[in-house]
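Descriptive structure summary
So you can see what is in the structure, the chains are spelled out below.
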Amino acid sequence: GIQVEQSPPDLILQEGANSTLRCNFSDSVNNLQWFHQNPWGQLINLFYIPSGTKQNGRLSATTVATERYSLLYISSSQTTDSGVYFCAVTFRNTDKLIFGTGTRLQVFP
Amino acid sequence: DVKVTQSSRYLVKRTGEKVFLECVQDMDHENMFWYRQDPGLGLRLIYFSYDVKMKEKGDIPEGYSVSREKKERFSLILESASTNQTSMYLCASSALTVAKNIQYFGAGTRLSVL
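If you're wondering where the values come from, they're calculated on a predicted model, not measured in any experiment.

Each helix and strand counted, chain B has zero helices and eleven strands in total. Taken from the N to the C terminus, the helices and strands of chain B come in the order β-β-β-β-β-β-β-β-β-β-β. Taking 114 residues into account, the globule formula puts the C-alpha radius of gyration at 13 Å, and chain B, at 13 Å, falls close to it. A total of 114 residues make up chain B; the buried ones form 47% of that total. In chain B, of all internal contacts separated by at least 6 residues, the share reaching a separation of at least 24 is 56%. If you sum the accessible surface of chain B, you get close to 5,700 Å²; carbon and sulfur atoms cover 51% of it. For chain B, the separation between the mean place of its 16 positive charges and that of its 14 negative charges on side chains is 5 Å.

Our focus in this paragraph is the interface of chain B and chain A. Between chain B and chain A, the contact holds 22 residues from the first and 17 residues from the second. Around 1,600 Å² of area is buried between chain B and chain A when both sides are counted, 50% of it from carbon and sulfur atoms. Where chain B meets chain A, there are one salt bridge. Salt-bridge contacts for B:D59 lead to A:K96; the nearest nitrogen and oxygen are separated by 3.1 Å. Of all the secondary structure elements, the ones that give two or more residues to the side of chain B that touches chain A are β4 (31-38), β5 (42-49), β9 (87-94) and β10 (104-105) of chain B. A per-element tally of the side of chain B that touches chain A places β5(B) first, with three residues. Residue classes in the side of chain B that touches chain A are distributed as 13 nonpolar, five polar and four charged.

With that settled, the discussion passes to the sheet that holds strand β3 (residues 19-25) of chain B. The pairing of strands in a sheet comes from backbone hydrogen bonds and takes either a parallel or an antiparallel form. All names here are of chain B. Strand order in the open sheet formed by four strands is β1-β3-β8-β7, and the pairing between neighbours is antiparallel. Every other strand in the sheet has two partners, leaving β1 (4-6) and β7 (65-70) as the edge strands with one partner each. Strand-to-strand twist of the sheet, defined as the mean angle between neighbouring strand axes without regard to direction, takes the value 20°. Where β7 meets strand β8 (residues 73-78), four bridges bridge the pair, whose relative direction is antiparallel. Across the sheet, the residue bridging to S67 is S75, located in β8.

A separate point is the state of the cysteines. All names here are of chain A. Following the criterion strictly, the structure yields two disulfides over all chains and no others. Between the sulfur atoms of C23 and its disulfide mate C87 the distance is 1.8 Å. With the S-S dihedral at roughly 45°, the linkage between C23 and C87 falls on the right-handed side. On the criterion of sequence distance, the pair formed by C23 in strand β3 (residues 19-25) and C87 in strand β9 (residues 83-91) is long-range, its members being 64 residues apart. Each member of the pair, C23 as well as C87, carries the same accessibility label: buried.

Calculation notes
Residues numbered from 1 in each chain as written. Chains lettered and ligands numbered in written order. Predicted model: local features only at pLDDT ≥ 70, side-chain atom pairs only at ≥ 80, totals over all residues. Heavy atoms only, no water. Helix = DSSP H or I, 4+ residues; strand = E, 2+ residues; numbered from the N terminus. Rg over C-alpha atoms; globule rule 2.2 N^0.38 Å. Buried < 20%, exposed > 50% of the residue type's maximum accessible area, 1.4 Å probe, protein only. Contact = heavy atoms within 4.5 Å. Areas by Shrake-Rupley, 256 points an atom, 1.4 Å probe, with all protein chains shown as cover. Lys, Arg positive; Asp, Glu negative; His and termini not counted. Charge placed at Lys NZ, Arg CZ, Asp CG, Glu CD. Buried area = accessible area lost by both parts, 1.4 Å probe. Salt bridge = Lys/Arg side-chain N within 4 Å of Asp/Glu carboxyl O. Nonpolar A, V, L, I, M, F, W, Y, C, P; charged D, E, K, R; others polar. Pairing = 2+ DSSP bridges. Axes fitted to C-alpha atoms, helices over the stretch in contact; angles between N-to-C directions. Disulfide = S-S within 2.5 Å.

Written as structure tokens, this is what we have:
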């Protein structure tokens, strides 16, 4: 069936470390978004990236649509990066945004 | 910047009460969505709407209804709240373009039904 899988499920880092989060999806997509859910529950848009590479400050993302995966890179992590990171996709010929299971990131000083 | 505003951050209601969760967006988006988020189950779509007075069931519509009388406002209604509806509720909106269908989310409403 249609699936969106994220890895790792949990990640613990010390401030200043770099990390890579992965999202695998089972079919061709129209839309892929990365979100950060902060400790108060707000889902914040990070990237709209159905293909290619984008960068925004310490964060960057790459989606290889032909191989059905996306990567989110966090460099020089800070405690404010803590929270859950979700990728979400809309598969071709559908309208629904399907969320992955998330990666819970904890950054310690 | 897109702004999606949910009327309450926290709500406590009693079993059997009728509950209204309100969501307003300021970007003239055609599409609006209601999700609930539960530990271990992720985000699940309850209802969505492509236009005023239009609604479509999502994956878990049972026990809920919605209202979209104006383009900017999408209300989620719990006709008779039950304890299993205790959850985090998230509203989202997006423009009606398949090519770039970016969803923007509100801050969420944590509902407790006692």
